[in-house]
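# Survey of secondary and tertiary structure
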Amino acid sequence: MSVVKVIEVLAESKDGFEAATKVAVKEAAKTVKNIKSVYVKDMQAIVEGEEIVNYRVNVKISFKVD
């Protein structure tokens with residue numbers, strides 16, 4: 001039997017939601033091993049003037065516990 005744990009991570013990028021999601025996984029992978037999936041729970045864009053300047057995601061990352 002295996003155990004899967006889920007953590008919640010917030011990340012941001014100037015290059016879009018997909019890039020922000022990749023940042024979340026890359027940063028989590030520095031301390032978490034066996035990442036199996038990422039679920040984008042929430043997305044937010046920061047606007048200055050008439051331009052989007054930053055994209056943020058709130059993700060759930062699941063990983064297998066050894």
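Predicted model only: the values in this text are computed from it and were never measured.

## With respect to the overall build of the protein chain
Along its length, the protein chain carries one helix and three strands. Counting from the amino terminus, the protein chain carries its helices and strands in the arrangement β-α-β-β. Taken over the C-alpha trace, the protein chain has a radius of gyration of 14 Å; the compact-globule value for 66 residues is 11 Å, which it surpasses by more than 25%. If one aligns the C-alpha atoms of the protein chain with their principal axes, the spans along those axes are about 50 × 20 × 15 Å. Scored against the burial criterion, the 66 residues of the protein chain give a buried share of 26%. For the protein chain, the accessible surface area stands at approximately 4900 Å², while carbon and sulfur atoms represent 51% of it. Where the 11 positive side-chain charges of the protein chain centre and where its 10 negative ones centre are 12 Å apart.

## Brief notes about the pairing of strand β2 (residues 35–48)
Relative to strand β3 (residues 51–65), β2 is paired through 12 bridges, and the arrangement is antiparallel. Looking at β3, one finds that S37 is bridged to S62. Connecting β2 to the next strand, β3, in antiparallel fashion are two residues, including G49 with a positive phi near 70°.

## Looking at the pairing of β3
Strand direction decides the pairing type here: strand β1 (residues 3–13) and β3, joined by 11 bridges, are antiparallel. Bridged to V9 within β3 is V59.

## Digging into the pattern of salt bridges
Under the criterion given, the structure shown has four salt bridges. When the shortest N-O distance is used, the salt bridge between R56 and E12 registers 2.9 Å. Within this pair, whereas R56 is found in strand β3, its partner E12 is found in strand β1, the two being separated by 44 residues in sequence. Residue classification places R56 among the partly exposed residues on the basis of a relative accessible area of 34%. In this structure E12 comes out as partly exposed when scored by relative accessible area, which is 39%. The partner of K30 in a salt bridge is E27, and the shortest N-O contact between them spans 3.1 Å. Of the residues examined, K30 reaches a relative accessible area of 55% and is grouped as exposed.

Definitions and cut-offs
- Throughout, a residue's number is its position along its own chain's written sequence, starting from 1.
- Per-residue local features are limited, in this predicted model, to residues with pLDDT of at least 70; the limit for side-chain atom pairs, both in listing and counting, is 80 or more; totals at the level of whole chains, interfaces and linings are taken over all residues.
- Side-chain numbers come from the whole structure's heavy atoms, not from hydrogens or water.
- In this description a helix means any DSSP run of H or I spanning at least four residues, a strand means any run of E spanning at least two, and both kinds are numbered starting from the N terminus.
- Based on C-alpha atoms, the radius of gyration is set beside the globule rule, defined as 2.2 Å times the residue count to the power 0.38.
- Think of it in three bands: with a 1.4 Å probe and only protein chains considered, a residue is buried below 20% of the maximum accessible area for its type, exposed above 50%, and partly exposed in between.
- All accessible areas in this document rest on Shrake-Rupley with a 1.4 Å probe, and a residue is counted as covered only by the protein chains that are shown.
- Two residue types count as positive, namely Lys and Arg, and two as negative, namely Asp and Glu; His and chain ends fall outside the count.
- Where a charge lies is defined by one atom per residue type, namely NZ (Lys), CZ (Arg), CG (Asp) and CD (Glu).
- Here the rule is simple: two strands pair whenever DSSP picks up at least two bridges between them.
- Criterion for a salt bridge: a side-chain nitrogen of Lys or Arg within 4 Å of a carboxyl oxygen of Asp or Glu.

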